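Residue-level structure breakdown
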Amino acid sequence: MISKPKGTVDLTDKKARCWKYVEEVIDSVMEKYNYNYIRTPIFEASELFHRGIGDSTDIVTKETYDFKDRGDRSITLRPEGTAGVVRSYIENKMYGKNNLPVKVYYNGTMYRYERPQKGRLRELSQYGVEVLGSTDPMMDAEVISLAYNINKMLGLTDTVVHINSLGDKESRDKYREALKSYFKPHLDDLCDDCKERFDKNPLRIIDCKIDSNKDYFKDAPNILDYLNKESKEHFEKVCEYLDILEVKYVIDPKIVRGLDYYNHTVFELMTEESNLALGGGGRYDNLVSTLDGPETSCVGYAVGLDRLVDLLMEKELTTNVRDYIDAFIMYVNEDEKKNAIYLANELRMSGFVVETEYTKKSLKSQFKRADYFNSKYLILLNSDDLNEGLVTIKNNKTKEEEKIMMEYIIYYFDEHISDDNLPIDYHNHDEEEV
Ligand code: AMP
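As the structure is a prediction and not an experimental result, all values here were calculated from the model.

Time to look at the nonpolar core. Generally speaking, nonpolar side chains in soluble globular proteins are found buried as a group. Counting residues in hydrophobic clusters, the biggest one holds 48 residues, and the most contacted among them are Val86, Leu132 and Phe183. A total of 5 residues in this core trace back to one element, the largest contributor, which is helix 4 (residues 82-91). Cys18, Tyr35, Ile150 and Ile163 belong to the second largest nonpolar core, which has 42 residues in total.

Around the ligand there are 14 residues in total, and Arg112, Glu114, Leu121, Arg257 and Leu278 lie nearest to it. Contact distances for the ligand include 2.9 Å between an oxygen atom and a side-chain N or O atom of Gln126. At 2.6 Å, a side-chain N or O of Arg257 approaches an oxygen atom of the ligand. Protein chains bury 90% of the 480 Å² of accessible surface belonging to the ligand in isolation. Elements with a minimum of two residues in the shell around the ligand: strand 6 (123-132) and strand 11 (298-304).

Attention now moves to the packing of aromatic side chains. Tallying each qualifying case throughout the model produces 19 aromatic pairs. With a centroid separation of 5.7 Å and an interplanar angle of 90°, the aromatic rings of Tyr127 and Tyr301 are classed as edge-to-face. With Tyr127 in strand 6 and Tyr301 in strand 11, this residue pair connects regions lying 174 residues apart in the sequence. The same class applies to Tyr127 and to Tyr301, which are both buried.

What follows concerns the sheet that holds strand 2 (residues 43-45). Pairing between the strands of a sheet comes from backbone hydrogen bonds, and it takes one of two forms, parallel or antiparallel. One open sheet accounts for 3 strands, arranged 2-4-3; its pairing is antiparallel. Taken across any chain shown, the strands that pair with only one partner, and hence form the sheet edges, are strand 2 and strand 3 (65-68). Between one strand and the next, the sheet's axes are offset by a mean angle of 35°, whatever the strand orientation.

Evaluated as defined, the whole model comprises 0 disulfides. Cysteine Cys191 shares no disulfide, and the gap to the nearest cysteine sulfur, in Cys194, comes to 3.7 Å. A residue is classified by how much of its surface remains accessible, and Cys191, at 12% relative accessible area, is buried.

Moving on: helix 7 (residues 192-200). Every buried residue belonging to helix 7 is among Cys194, Arg197 and Phe198, and all of these are buried. Projection of helix 7 onto a plane perpendicular to its axis shows the buried side chains occupying an angular sector of 115°, all on one side. Facing away from the buried side of helix 7 by over 90 degrees, the exposed positions are Asp192, Glu196 and Asp199. Among the structural elements, helix 3 (58-61) and helix 6 (169-183) are those in contact with the buried residues of helix 7.

This part takes up the packing of helix 1 (residues 13-32) against helix 10 (residues 305-314). Orientation of helix 1 relative to helix 10, taken along the N-to-C sense of each, is 115°, at an axis distance of 10 Å. Between helix 1 and helix 10, the angle falls in the class roughly perpendicular. The crossing of helix 1 and helix 10 is right-handed. Of the residues in helix 10, those in contact with Lys14, Lys15, Cys18, Trp19, Val22, Glu23 and Ile26 of helix 1 are Leu305, Asp306, Leu308, Val309, Asp310, Leu312 and Met313. Residue composition of the contact of helix 1 with helix 10, grouped by class: 9 nonpolar, no polar and 5 charged.

Bringing the sheet that holds strand 10 (residues 279-284) into the picture now. Strand order across the open sheet formed by 8 strands is 1-5-6-11-10-9-7-8, with mixed pairing between neighbours. Of all strands in the sheet, those bounded by a partner on one side alone are strand 1 (36-37) and strand 8 (249-251). Inspection of the sheet shows strand 7 (residues 159-165) paired to strand 8 by 3 bridges, in the parallel sense. Along strand 8, the bridge assignment pairs His162 with Val250.

Relative to each other, helix 5 (residues 137-153) and helix 8 (residues 229-244) sit at 45°, their axes nearing to 8 Å. Comparing the axis directions of helix 5 and helix 8 gives the class oblique. By crossing handedness, the relation of helix 5 to helix 8 is classed as right-handed. On the side of helix 5, the interface is formed by Pro137, Met138, Asp140, Ala141 and Ile144, while helix 8 contributes His234, Lys237, Val238, Tyr241 and Leu242.

Rules and cut-offs
- Residues numbered from 1 in each chain as written.
- Predicted model: local features only at pLDDT ≥ 70, side-chain atom pairs only at ≥ 80, totals over all residues.
- Heavy atoms only, no water.
- Core = buried A, V, L, I, M, F, W, Y, C linked by side-chain atoms within 4.5 Å.
- Buried < 20%, exposed > 50% of the residue type's maximum accessible area, 1.4 Å probe, protein only.
- Helix = DSSP H or I, 4+ residues; strand = E, 2+ residues; numbered from the N terminus.
- Near = heavy atom within 4 Å.
- Polar contact = N/O pair within 3.5 Å; in protein donor to acceptor, adjacent residues only side chain to side chain.
- Areas by Shrake-Rupley, 256 points an atom, 1.4 Å probe, with all protein chains shown as cover.
- Phe/Tyr/Trp six-rings, centres within 6.5 Å; stacked < 30°, edge-to-face > 60°.
- Pairing = 2+ DSSP bridges.
- Axes fitted to C-alpha atoms, helices over the stretch in contact; angles between N-to-C directions.
- Disulfide = S-S within 2.5 Å.
- Arc of directions from axis to C-beta.
- Contact = heavy atoms within 4.5 Å.
- Parallel < 35°, antiparallel > 145°, perpendicular 65-115°, else oblique.
- Left-handed = near helix turned anticlockwise from the far one by under 90°.
- Nonpolar A, V, L, I, M, F, W, Y, C, P; charged D, E, K, R; others polar.

Taken by themselves, the reported measurements are silent on function.
In structure tokens form, the structure reads like this:
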């Protein structure tokens, strides 16, 4: 037997339906906020990620899936969505139009060669948004509240946004120096990764999983004390707007995010019970120009769909995920089968979820299969009834059954399953015509 590669998952059954439901909610909320769907390639030129995300981040230095294609090009499976969107923005000259900011969202698989464990896959899925072309703190707040509201629409009422500011370059340079002088005496005690971060990206020392519980971390410099006037004002505005939007947030100076390109606002989406972040993002004002596009201020985030769906399943927040079918059509002989084929088609085209029998099983097995699908109704076809234009409909819960005219079956389901209540008598053809 061939097994799936390490760190990948098969999405099936109820979880697959939950996943599709989550995607529907995302699509519909994005529509309200006027974010356009964007799809970029799953593989890109390796250089995009090395230049874009930065050579001092784990996901580029240790975790990318890199390979040479048959034309000897260096290709990387995307480890995140932002770099591709920015590349597309520049390549398609989206900035040339009078449409800034450009607001887009994506949903797709990302690839990171991580050590697989709970909530950490090698093929992971993220949905995310990117807004390109606005410096306004209102945009940071909209993006954060969008992530927050999607969680809320899915029933996750305990989302808390952990938010921080990395300030502009001037503030960050000052902070970086302060961090280096603070950690220098402890350099020998830091983990190997942090020793490397010390020179390359000292901000990342702050959120190190290994070191951050050490005693001397408590008094480490706080970025918020190093923000210059503009950076401070930007951050205060973001918080002010988040208050208007009624987003639950805490200011958390430990959030620095793993990627090199962030400045000003950074945030992570947490839930009270889960210590794994559901998503995160922030402002990145230099990435477009780093990738040879015009100066463009951006803000965005990504949420892990695998973790999101797992959490909904764990918390049983799945009442909107369909776990039934509307009707199962049962038959035995060829004549009944033809009617079943016809009826299934009619009902499906009218919007009902309908299953029937395909393997010549006995009626008893058909009842079992109908139960397996949690069918609301059973439609029993038998030749004698069909000759009179009748079918038997059985409510699979109350077990009540009645014979109705086959030609009225759609009206019957409209009344019993849809919200419309049409006052029609299905039992007698002549009466209906009156
Ligand atoms: P990041 O792009 O690293 O900021 O990740 C954003 C979100 O994607 C995280 O909060 C997770 O929900 C999800 N995520 C990141 N890495 C993984 C992974 N290896 N496996 C599953 N989900 C992940």
